[in-house]
Number of protein chains: 2
Amino acid sequence: MLDDIKKIAEKITETVKNDTFGANVRPDYLREAMSDYPLRGGKRLRPALFFWSYELCGGKECAGLEKCAAALEVWHNWTLVHDDIIDEDVMRRNSPTEHISLAKTASEADFDSTLDAEKYGRDMALLCGDLQQGWAVDLLIRGAREAKLVPELILDMVQRMELRANTELISGEALDVELAVKKLENINIKDVMQMIDLKTGALFCCACELGAMASLGYDRGKEFEKISDFALHLGRAFQLQDDILGTFGDLEKLGKDIGSDLRERKPTVLLLKTLECADKESLSTLRGIIGKENISSSDIETARKIMKDSGAYDFVKSEIKYCFDSALNALSFFPENKGRKRLEALIDYLNTREK
Amino acid sequence: MLDDIKKIAEKITETVKNDTFGANVRPDYLREAMSDYPLRGGKRLRPALFFWSYELCGGKECAGLEKCAAALEVWHNWTLVHDDIIDEDVMRRNSPTEHISLAKTASEADFDSTLDAEKYGRDMALLCGDLQQGWAVDLLIRGAREAKLVPELILDMVQRMELRANTELISGEALDVELAVKKLENINIKDVMQMIDLKTGALFCCACELGAMASLGYDRGKEFEKISDFALHLGRAFQLQDDILGTFGDLEKLGKDIGSDLRERKPTVLLLKTLECADKESLSTLRGIIGKENISSSDIETARKIMKDSGAYDFVKSEIKYCFDSALNALSFFPENKGRKRLEALIDYLNTREK
């Protein structure tokens, strides 16, 4: 499984590195910023979903598909660039986020003394994400043309991408931004699940659906429904797991601050369920922890205990299991081919991930 | 001429208003923000360029084209939404800019007391522009399909849009942002002209080229070159005129602050040429005015006089004339049809504009 995904990762890196879409972009540092995130690595889940859904539906290896897969990765990455501006994050995959990195470039250039480098970095990162959105569309079209897909179908694929990865995904992002400023008592679990389906599920669906479309053409019926069902549940499981790892994960393995969800009073399903089920005393203890500027390890221990004792932890764990099972079940519709085996292995892999 | 453009404006407004691309976008205020700028009006120059280039190349009226034209207007508008965030502008077409308007919405909502409404407004406006970029692509595809253009050609049109309106236009925007923080002595007129060609010319070209493609299909030769040449020169003339109006315009007619270019020490061709040609004493006077926080009307008068006396004003005026003449000359390649007459009238109209 890891080997399979490693091969895909290499293909994506090569494709992104050699692509000429942004060759004439000016200034130079903006052009370089365009391929920065996509070359930093990451799980490459979306390209993998694309390739394996393609195989699942019977597609044969052919040139051009690596560009379609890279389109999904570039799309994912532009949303990260804009996300990092919105969240004011400073690190992404062990390096400064794009807006921080571009601010540094500006502060080292021979610009006017009135320069506000931080703002300049944000402005350029904004434009960087804008460029990458177009790059993703162009990559998809070029890849699909190279794969000799029917032009009519390619148009459908672009429109599918605009539906899933533009309107749905960005709605999810917006709902996430909104959830962060809503009063906790005004948020219910359904709202959060909807946000998850849009923010994470939609691009998973897009990757799987484009793979299926590239393979099946217009000859797609129930397969298409099943692959979307698979992707949606995988996305849910993935996101709920993130929430568990955010409080119960291992700092060393996760490489990110445990407890930041609590500090930022992030309205996860885990937290909302705890607030719903914990006893009065625990609730008052928990309310003293969430939103605290300096969360100690003993605070985290206390929060973990309350989340477990209230039954919320088990609730989320069983939701995750249900979602992975549903994803697996959706795959059972397909013949036992290489694509199916890889997607099943992916479920296993994600099920046991610690980061 | 004004009647012709008015009819197009009405079509665009109708098309944008009735389009369903963003129907499921959440939250509601973000969905509404998507069509806000495109419904505020504006000159509708890009849709007009699309329609008239289509006619110029012999295209006949047909359904769907209004969506293609609207795609260009939506594209233009998303760049304005992001532009306004970058420039921290507060007004656009006599109403608050999108990020200001969304900040107001947030401040009136029942959100957490820690809400930073201004930042929230910027974040949502960023996502609004992201949505609109996808909307433009989808509109172009749907329009072209409705117009029954060959799918292969539609793919070419989308790719042309990604080239002109994504990489080129955004590079122009980035260069503009960079010019604003560069030291004046490090900027030359060529840099500014390149920025103009990318920031304004590229989308003008895109509009004209898509019109020509929709009309000519793959049967395009020298026409295509001529229409791009027309658009590029029209863009240059338009932008150089903006610079003249920015200092020499009439406040009442222009509806925007005269002298803001001077206050912001905007490196226009007009200013750079003045710095190049003015005598020492005038230069020192001018340097005392540019960048000043409170520019008085007597400052503006002084600057105008220096710009005229140095010959810079005449230089820019003659450049504008040269560009309009070149645009007109490019049109002379085409038969004297309705499209050509309208584009010629457009040149006249723009040539005498006071806002």
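In this text the structure is predicted, and so the values were computed from the model without any measurement. (Residues numbered from 1 in each chain as written. Chains lettered and ligands numbered in written order. Predicted model: local features only at pLDDT ≥ 70, side-chain atom pairs only at ≥ 80, totals over all residues. Heavy atoms only, no water.)

Novice: What is the right way to look at the overall build of chain A in this model?
Specialist: Scanning chain A for helices and strands turns up 16 helices and two strands. Here the C-alpha radius of gyration of chain A, 21 Å, is about what a compact globule of 355 residues would show, namely 20 Å. Across the 355 residues of chain A, 61% fall into the buried class. Per element, the accessible surface of chain A, about 14600 Å² overall, is 47% carbon and sulfur. With 50 positive and 63 negative side-chain charges, chain A shows a spacing of 3 Å between the two charge centroids. (Helix = DSSP H or I, 4+ residues; strand = E, 2+ residues; numbered from the N terminus. Rg over C-alpha atoms; globule rule 2.2 N^0.38 Å. Buried < 20%, exposed > 50% of the residue type's maximum accessible area, 1.4 Å probe, protein only. Areas by Shrake-Rupley, 256 points an atom, 1.4 Å probe, with all protein chains shown as cover. Lys, Arg positive; Asp, Glu negative; His and termini not counted. Charge placed at Lys NZ, Arg CZ, Asp CG, Glu CD.)

Novice: I keep staring at the relation of the copies chain A and chain B and nothing clicks. Help me out?
Specialist: Between the two copies of the chain lies a relationship made up of a rotation around an axis and a movement along it. Least-squares fitting of chain A to chain B yields an RMSD of 0.0 Å, with the transformation described by 0.0 Å of translation along the axis and a rotation of 180°. Such a combination of rotation and displacement between the chain copies is what one expects of a two-fold axis. Across chain A, the rotation axis passes nearest the C-alpha of proline 151 of chain A, at a separation of 2.7 Å. In this assembly, 100% of the residues forming the interface of chain A have copies in chain B that are likewise at the interface, indicating an isologous arrangement. (Least-squares fit on C-alpha atoms with pLDDT ≥ 70 in both. Contact = heavy atoms within 4.5 Å.)

Novice: Even after reading the chapter, I still don't get the interface of chain A and chain B, so can you show me in this structure?
Specialist: Interfaces are frequently sized by the accessible area removed from exposure as the parts join. At the interface, 55 residues of chain A touch 55 residues of chain B. Between chain A and chain B, a total of about 5000 Å² is buried, with carbon and sulfur atoms accounting for 62% of that surface. Per-residue buried area on chain A facing chain B is highest for Arg26, Arg145 and Leu155 of chain A; these three make up 13% of the total on that side. On inspection of chain A and its partner chain B, the count reaches eight salt bridges. (Buried area = accessible area lost by both parts, 1.4 Å probe. Salt bridge = Lys/Arg side-chain N within 4 Å of Asp/Glu carboxyl O.)

Novice: Looking at this structure, how should I read the environment of aspartate 325 of chain B?
Specialist: All names here are of chain B. On the secondary structure map, aspartate 325 appears in helix 15 (residues 312-331). The class for aspartate 325 is partly exposed, based on a relative accessible area of 36%. At a separation of 2.7 Å, a polar atom in the side chain of aspartate 325 contacts the side chain of lysine 321. (Polar contact = N/O pair within 3.5 Å; in protein donor to acceptor, adjacent residues only side chain to side chain.)

Novice: Is there a simple way to think about helix 8 (residues 189-216) of chain A in this case?
Specialist: Residues lying three or four places apart along an α-helix face the same way, a consequence of the helix completing one turn every 3.6 residues. Residue and element names in this part refer to chain A. Helix geometry: helix 8 is bent most strongly at glycine 201, by close to 45°. Along helix 8, 23 of the 28 residues are buried, which leaves the element largely enclosed by surrounding structure. In the segment just after helix 8, glycine 217 is the residue with positive phi, at about 60°. (Bend = angle between axes of the 7 residues up to and from the residue.)

Novice: So what exactly am I meant to see when it comes to the packing of helix 7 (residues 151-181) of chain A against helix 7 (residues 151-181) of chain B here?
Specialist: To characterise two packed helices, one gives the angle between the axes of the helices and the distance between these axes. Put simply, helix 7 of chain A and helix 7 of chain B touch, their axes get as near as 8 Å, and they point 40° apart. Classed by the angle they form, the pair helix 7 of chain A and helix 7 of chain B counts as oblique. For the element pair helix 7 of chain A and helix 7 of chain B, the recorded crossing hand is left-handed. In this structure, helix 7 of chain A uses Pro151, Glu152, Ile154 and Leu155 of chain A to contact helix 7 of chain B, whose residues at the interface are Pro151, Glu152, Ile154 and Leu155 of chain B. Class assignment of the residues belonging to the contact of helix 7 of chain A with helix 7 of chain B gives a composition of six nonpolar, no polar and two charged. (Axes fitted to C-alpha atoms, helices over the stretch in contact; angles between N-to-C directions. Parallel < 35°, antiparallel > 145°, perpendicular 65-115°, else oblique. Left-handed = near helix turned anticlockwise from the far one by under 90°. Nonpolar A, V, L, I, M, F, W, Y, C, P; charged D, E, K, R; others polar.)

Novice: I'm lost on the packing of helix 8 (residues 189-216) of chain B against helix 9 (residues 222-248) of chain B in this one. Help?
Specialist: Residues and elements named next belong to chain B. For the pair helix 8 and helix 9, the least separation of the axes is 7 Å and the interaxial angle reads 145°. Along this stretch, helix 8 crosses helix 9, giving a crossing that reads as right-handed. Counted by class, the contact of helix 8 with helix 9 contains 16 nonpolar, five polar and four charged residues.

Novice: Explanation requested: the packing of aromatic side chains in the structure shown.
Specialist: The description of an aromatic ring pair rests on the distance of the ring centres and on the angle between the ring planes. All names here are of chain A. Within the structure shown, the criterion is met by twelve aromatic pairs over all chains. For the ring pair phenylalanine 50 and phenylalanine 51, a centre distance of 5.8 Å and an interplane angle of 70° mean the geometry is edge-to-face. Accessibility expressed as a relative area gives 9% for phenylalanine 51, which makes it buried. A ring pair is formed by phenylalanine 248 and tyrosine 313, whose centres lie 4.5 Å apart and whose planes are at 50°; its orientation type is tilted. Note that phenylalanine 248 is positioned in helix 9 (residues 222-248) and tyrosine 313 in helix 15 (residues 312-331), a separation of 65 residues in sequence. Here phenylalanine 248 and tyrosine 313 have matching classes, each one buried. (Phe/Tyr/Trp six-rings, centres within 6.5 Å; stacked < 30°, edge-to-face > 60°.)

Novice: Looking at this structure, I do not really get a positive patch on the surface. What am I missing?
Specialist: Taken together, the side chains of Lys7, Lys11, Lys60 and Lys338 of chain A present a region of like positive charge at the surface. Note that lysine 60 of chain A resides in the loop between helix 3 (45-56) and helix 4 (65-87). (Patch = residues over 30% accessible without salt bridge, like charges linked within 9 Å, V, L, I, M, F, W, Y side chains within 5 Å.)

Novice: Explain helix 13 (residues 280-289) of chain A to me, please; I cannot follow it from the model alone.
Specialist: Residues and elements named next belong to chain A. Taken as a whole, helix 13 has its buried residues at Ser282, Leu283, Leu286 and Ile289. Along the long axis of helix 13, the arc covered by the buried residues comes to 115°, so they all point the same way. Exposed residues on helix 13 whose side chains face more than 90 degrees from its buried face are Lys280, Glu281 and Ser284. Each element contacted by the buried residues of helix 13 is listed here: helix 12 (269-277) and helix 14 (297-309). After helix 13 finishes, the residue glycine 291 shows a positive phi value of roughly 85°. (Arc of directions from axis to C-beta.)

Novice: Please explain the side chain of serine 35 of chain A as it appears in this structure.
Specialist: By the secondary structure assignment, serine 35 of chain A is in helix 2 (residues 28-39). Setting aside its immediate chain neighbours within four residues, serine 35 of chain A contacts Val16 and Trp135 of chain A.

Novice: Just checking my understanding: could you explain the pattern of salt bridges for this structure?
Specialist: Where side chains of opposite charge bring their charged atoms close, a pairing between them can arise. Tallied over the entire structure, the rule returns 62 salt bridges over all chains. The salt bridge partner of lysine 273 of chain A is glutamate 276 of chain A, with a shortest N-O separation of 3.3 Å. Here lysine 273 of chain A pairs with glutamate 276 of chain A, and both are found in helix 12, just three residues apart, close to one helical turn. On the basis of relative accessible area, lysine 273 of chain A is assigned to the buried category, the value being 14%. Glutamate 276 of chain A sits in the exposed class, given a relative accessible area of 53%. Across the pair arginine 40 of chain B and aspartate 36 of chain B runs a salt bridge whose closest N-O atoms are separated by 2.9 Å. Taken together, the shared-partner salt bridges in this structure form one network comprising Asp83, Glu173, Asp176 and Lys199 of chain A.

Novice: Explain unusual backbone geometry to me, please; I cannot follow it from the model alone.
Specialist: Trans peptide bonds make up most of the peptide bonds, and negative phi angles are found at most residues other than glycine. Residues and elements named next belong to chain A. In this chain, arginine 26 is followed by proline 27 through a cis amide linkage whose omega measures -15°. On the secondary structure map, proline 27 appears in the loop between helix 1 (2-18) and helix 2. You will see that lysine 148, though not glycine, has its phi angle at about 60°, which is positive. The residue lysine 148 is located in the loop between helix 6 (117-146) and helix 7 in this model. Exposure remark for lysine 148: the relative accessible area of 73% places this residue in the exposed category.

Scope: geometric values only; no functional claims are made or implied.
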